[in-house]
Amino acid sequence: SKALQNSKLPISKLVQWDWGTTPINVESMGPSADLATVQGFTYSTIKQEYSIVFNDDGAGEVADLVCINESKNAIEVDLYHCKYCSSNAQPGARVADTYEVSGQASRSVKWNNNGGALFERLLQRYQDGLAIGFDRLLKGSSRELDLLRNKCRDKRVVLRFHIVQPAIAFSKVSEEQLRVLGSSYAFIKATTGQELRVVVSKK
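Reading the values: the criteria
Residues numbered from 1 in each chain as written. Predicted model: local features only at pLDDT ≥ 70, side-chain atom pairs only at ≥ 80, totals over all residues. Heavy atoms only, no water. Helix = DSSP H or I, 4+ residues; strand = E, 2+ residues; numbered from the N terminus. Rg over C-alpha atoms; globule rule 2.2 N^0.38 Å. Buried < 20%, exposed > 50% of the residue type's maximum accessible area, 1.4 Å probe, protein only. Contact = heavy atoms within 4.5 Å. Areas by Shrake-Rupley, 256 points an atom, 1.4 Å probe, with all protein chains shown as cover. Lys, Arg positive; Asp, Glu negative; His and termini not counted. Charge placed at Lys NZ, Arg CZ, Asp CG, Glu CD. Pairing = 2+ DSSP bridges.

Draft legend 1. Fine view of the overall build of the protein chain. Of regular secondary structure, the protein chain possesses 6 helices and 7 strands. Shown N-terminal to C-terminal, the secondary structure of the protein chain runs as helices and strands in the order α-β-α-β-β-β-α-α-β-α-β-α-β. Against the compact-globule benchmark of 17 Å for 203 residues, the protein chain has a radius of gyration of 17 Å, which places it among compact chains. Principal-axis analysis of the C-alpha atoms places the extent of the protein chain at approximately 45 × 40 × 25 Å. In the protein chain, which comprises 203 residues, the share counted as buried stands at 49%. Of all intrachain contacts in the protein chain linking residues separated by at least 6 positions in sequence, the fraction that spans at least 24 positions is 71%. Surface summary for the protein chain: the accessible area is close to 9500 Å², and the carbon and sulfur share equals 49%. Looking at charge distribution, the protein chain has the averaged site of its 26 positive side-chain charges lying 5 Å from that of its 22 negative ones.

Draft legend 2. Layout of the pairing of strand 4 (residues 74–82). Where burial is concerned, most of strand 4 is hidden: 8 out of the 9 residues are buried. Between the antiparallel neighbours strand 3 (residues 65–70) and strand 4 lie 3 residues. With 9 bridges connecting them, strand 4 and strand 6 (residues 156–169) associate as parallel partners. Among the inter-strand pairings, Ala74 is bridged to a residue of strand 6, identified as Arg156.

Draft legend 3. Molecular detail of the pairing of strand 3. Burial runs high along strand 3: 5 of the 6 residues are buried. Across 6 bridges, the pairing between strand 3 and strand 4 is antiparallel. The residue bridging Val66 from the neighbouring strand is Leu79, located in strand 4.

By themselves, these figures tell us nothing about what the structure is for.
Below, the structure is given as structure tokens:
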């Protein structure tokens, strides 16, 4: 709808991180769990907040990081979609830096109301990873994942959506970037009732 196309991401949904010396042009931690990457810095920044953190990076991923907590009433799953900044570029206002990651975030709504399938997928990816020496569990155990998979039947699974894109500079964010992010925000909100949070560079 036209309203969706024209909606801009509310500035209040932009979260500023100081990336320090992290090479923001390197995206993935890989099997060696390299923290000097966009995904690795994200993990370092958020890991205290969750009991399980799963590195689902790669083809067919649910999200780059799937972070899970269990509360009294729900299983809360935060999906972090990470993107890097192109090789020599500094954080700025390039609209190209928003398209791919916005698309990934929008596509991940398919896991909403599909908690059982989500946990099945993570357990399968965990086993497949181990076979090639890639331990996808950065925090927590496969036993905990399995328990949560069983609890999905009786407990609500709440998904929350995060985009991490250090290529966006908070001080330079453009109308166009906010529009691309805004269509994803509007779609996620309309489909799941949840907000989209976007992490950018504090510059």
